[in-house]
Amino acid sequence: MKDKLLTKMTDRRIIKKIDQKKLRLAVHVLAGMYFAACVWLYFQQSVAVLDESLTSIPYQSDLPLHISMIVEDGWYYSFTAYVYQLLYWLCGGSTIGIAVFLAVVTWATVYATELLVCHLWKRARDGVTLLLALSLNFVMPVYLSFVGEFHYVSYQSGNIWHNSTYLCMRLAALVTFLYYLKLEETYREGISAREWLIFMLLNVITTGIKPSFLVVYSPIVGVFLLADVVRGVPWKRVLTFGSALLPSGLVILWQNGVLFGEDTGNGITFEPWYTFSRHANIVKAAVVCSVLFCGLVIVIRCRKLIRERSSIFIILMTVLGFLEALCLVESGSRSLDGNFLWGYSFCIFVLFALCAVKWLQMGGGRRQMLLKIGLGVVYAWHLYCGLYFFISLVTGASYWMR
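What this report covers is the structure whose coordinates are included nearby. Predicted model only: the values in this text are computed from it and were never measured.

When helices and strands are tallied, the protein chain shows 17 helices and two strands. Within the span of the protein chain, comprising 402 residues, buried residues form 52% of the whole. Considering only intrachain contacts with a sequence separation of at least 6, the fraction spanning at least 24 residues in the protein chain is 74%. Carbon and sulfur atoms provide 68% of the accessible area of the protein chain, an area that totals close to 18900 Å².

Tracing the sequence through the fold places glutamate 184 in helix H6 (residues 164-184). Glutamate 184 gets classed as buried once you look at its relative accessible area, which sits at 9%. Beyond its immediate stretch of four places on either side in the chain, glutamate 184 contacts Phe224, Asp228, Phe241 and Arg309.

All chains considered together, the criterion is met by 35 aromatic pairs. Ring plane angle 75° and centroid distance 5.4 Å describe the contact between phenylalanine 138 and phenylalanine 390, whose orientation is recorded as edge-to-face. Highlighted residues: phenylalanine 138 in the loop between helix H5 (127-136) and H6 and phenylalanine 390 in helix H17 (residues 366-394), separated in sequence by 252 residues. Here phenylalanine 390 falls in the buried class, since its relative accessible area comes to 6%. Chaining the aromatic ring pairs together yields one cluster made of Phe177, Tyr179, Tyr180, Tyr187, Phe199, Phe213, Tyr217, Phe224, Phe241, Phe313 and Phe346. A cation over a ring is seen here: arginine 123 above tryptophan 121, with NZ or CZ 4.5 Å from the ring centre. It is arginine 170 that lies over the ring of phenylalanine 349; its NZ or CZ is 4.8 Å from the centre.

What follows deals with the pattern of salt bridges. Scanning the entire structure with this criterion turns up twelve salt bridges. For glutamate 308, the salt bridge goes to lysine 304, with nearest N and O atoms at 3.6 Å. You can call glutamate 308 buried: its relative accessible area is 19%. Beyond isolated ion pairs, a larger network of salt bridges with shared partners links Glu184, Arg188, Asp228, Arg231 and Arg309.

Counting 125 residues, the largest nonpolar core has Tyr42, Trp161, Phe177, Tyr180, Tyr217 and Phe293 as its most contacted members. Here this core takes 16 residues from helix H16 (residues 341-360), the largest share from any one element.

Moving on to the environment of serine 61. Structurally, serine 61 can be placed in the loop between helix H1 (2-46) and helix H2 (63-71). Separated by 17 residues in the primary sequence, serine 61 and glutamine 44 place their C-alpha atoms 9.6 Å from one another. Here serine 61 is in contact with Gln45, Leu50, His162 and Tyr399, once residues within four sequence places are set aside. A polar side-chain atom of serine 61 sits 3.1 Å from the main-chain amide nitrogen of leucine 63.

This brings us to helix H12 (residues 283-290). When we look at burial in H12, the residues that qualify are Val283, Ala286, Val287, Cys289 and Ser290. Along the axis of H12, the buried residues cluster in a sector spanning 165°; they form a single face. Along its buried surface, H12 packs onto helix H11 (274-277), helix H13 (292-300), helix H15 (309-327), H16 and H17.

For the rest of this paragraph, the subject is the side chain of histidine 382. Considering the arrangement of structural elements, one finds histidine 382 in helix H17. Within polar-contact distance, the side chain of histidine 382 engages the backbone nitrogen of phenylalanine 293 at 3.2 Å. With near-sequence residues (within four places) excluded, histidine 382 lies in contact with Phe138, Val139, Met140, Pro141, Val142, Cys289, Ser290, Leu292, Phe293 and Phe352.

Before going further, it helps to examine the packing of H6 against H15. What describes two packed helices is the angle between their axes and the distance between those same axes. The interhelical angle for the contact between H6 and H15, taken along N-to-C directions, is 140°, at an axis separation of 11 Å. Between H6 and H15, the angle falls in the class oblique. Remark: the crossing between H6 and H15 carries right-handed chirality. Side by side, H6 and H15 meet where Phe177, Tyr180, Leu181 and Glu184 of the first sit next to Arg309, Ser310, Phe313 and Ile314 of the second. Taken together, the residues that form the contact of H6 with H15 break down as five nonpolar, one polar and two charged.

Note on placement: glutamine 156 falls in the loop between H5 and H6. Its relative accessible area of 4% is what places glutamine 156 among the buried residues. Glutamine 156 sits 169 residues away from alanine 325 along the chain, and the two C-alpha atoms are 9.8 Å apart. When neighbours within four sequence positions are excluded, glutamine 156 is seen to be in contact with Pro141, Phe276, Ala286, Val287, Ser290, Leu341, Tyr344 and Ile348.

Another point: the state of the cysteines. Counting across every chain of the model gives zero disulfides. No disulfide involves cysteine 355; its nearest neighbouring cysteine sulfur is the one of cysteine 294, lying 4.1 Å away. By relative accessible area, which is 0% here, cysteine 355 ends up buried.

Quick look at unusual backbone geometry now. If you check the backbone angles, tyrosine 59 has positive phi at about 60° while not being a glycine. Within the element layout of this structure, tyrosine 59 appears in the loop between H1 and H2. Phi is positive for lysine 122, which is not a glycine, with a value near 60°. Within the element layout of this structure, lysine 122 appears in the loop between helix H4 (96-121) and H5.

In this section: the environment of histidine 279. Within the fold, histidine 279 resides in the loop between H11 and H12. Each C-alpha atom of the pair histidine 279 and valine 153 lies 6.6 Å from the other, and the pair is 126 residues apart in sequence. Among all residues touching histidine 279, those that are not within four sequence positions of it are Gly148, Glu149, Phe150, Val153, Ser154 and Trp400.

Cut-off values and rules
Residues numbered from 1 in each chain as written. Predicted model: local features only at pLDDT ≥ 70, side-chain atom pairs only at ≥ 80, totals over all residues. Heavy atoms only, no water. Helix = DSSP H or I, 4+ residues; strand = E, 2+ residues; numbered from the N terminus. Buried < 20%, exposed > 50% of the residue type's maximum accessible area, 1.4 Å probe, protein only. Contact = heavy atoms within 4.5 Å. Areas by Shrake-Rupley, 256 points an atom, 1.4 Å probe, with all protein chains shown as cover. Phe/Tyr/Trp six-rings, centres within 6.5 Å; stacked < 30°, edge-to-face > 60°. Lys NZ or Arg CZ within 6 Å of the ring centre and 35° of its normal. Salt bridge = Lys/Arg side-chain N within 4 Å of Asp/Glu carboxyl O. Core = buried A, V, L, I, M, F, W, Y, C linked by side-chain atoms within 4.5 Å. Polar contact = N/O pair within 3.5 Å; in protein donor to acceptor, adjacent residues only side chain to side chain. Arc of directions from axis to C-beta. Axes fitted to C-alpha atoms, helices over the stretch in contact; angles between N-to-C directions. Parallel < 35°, antiparallel > 145°, perpendicular 65-115°, else oblique. Left-handed = near helix turned anticlockwise from the far one by under 90°. Nonpolar A, V, L, I, M, F, W, Y, C, P; charged D, E, K, R; others polar. Disulfide = S-S within 2.5 Å.

This is the structure:
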């Protein structure tokens, strides 16, 4: 009898393993389809002709402007500029190489997201983790036309397909953040020169693509390091770990000179709610709709979240990103661009990953199951809005779509 029971249990494990393999293979296929759709989307965006209307142009995005600034104007403020210039030259003046590169970046972000999910979940990669990661690359704000008429512009989102430097920064930032989480668990016993060098280079590369990540993440790193000093971690270990972020400051100085130099006429001003209020009808409701699922999960699972360092880090980083986006505005020619939103957008992306994991970890009694189902409905709403928006972009809509 015992042998039969053990055999049945073994058979169930094998069946479950096979099912996970089939699910993972199916998600790989979906990710491949996503890649193909992105090649089409980014190429169409790259050759779109912009005019003064700026809200009804098919395949409208920032990409042709980014390419033009590099190829025609020679204006280099991001490491992506050198990649674009090389690909443009290799493809004989065609933008197809840039489109494929951005599609690879977008596709790779799915798998980097899965690594973050597995780290937060403490779970090995399988079909479920990859499916969740793919879905996290589509979730967008809950769209209510009376709150904000534009699907994207009226809200704040971690998934954006019209800005190429954000796409590249998000992937690099995910890899950097994952490496930080890995070292944060072990640095108190010391880190090797190789680990320090890799961490330093990742921070430099991410900052060189777009400085938005560093300005929301490095202050929270500083807070955590200071807390470790108070707890008695040796100064030498703390300074060694923290010093890996210092070279990124030199990159920011270079970018600051390009973006905010005396000849540019640009600067930074303090104007709370200015960026958020430009395209939303009910501004505070738009902020809530952007992270509705995350807010509900944090309220329901707050006791669990406050006991985990990685969860606290992500929440604090998101709060800082929100405050920067809320209060800071560029003055001069870029005053309407909302460039302080990019750091907050990345924070929203990571926060959704954290909250999705905490949602799926829910279990227990009837009340917990009802809450889990309710949260699942809200997550599905975010996912539907994102899929609808992405499919509309692929079929020619502008990112200003209503």
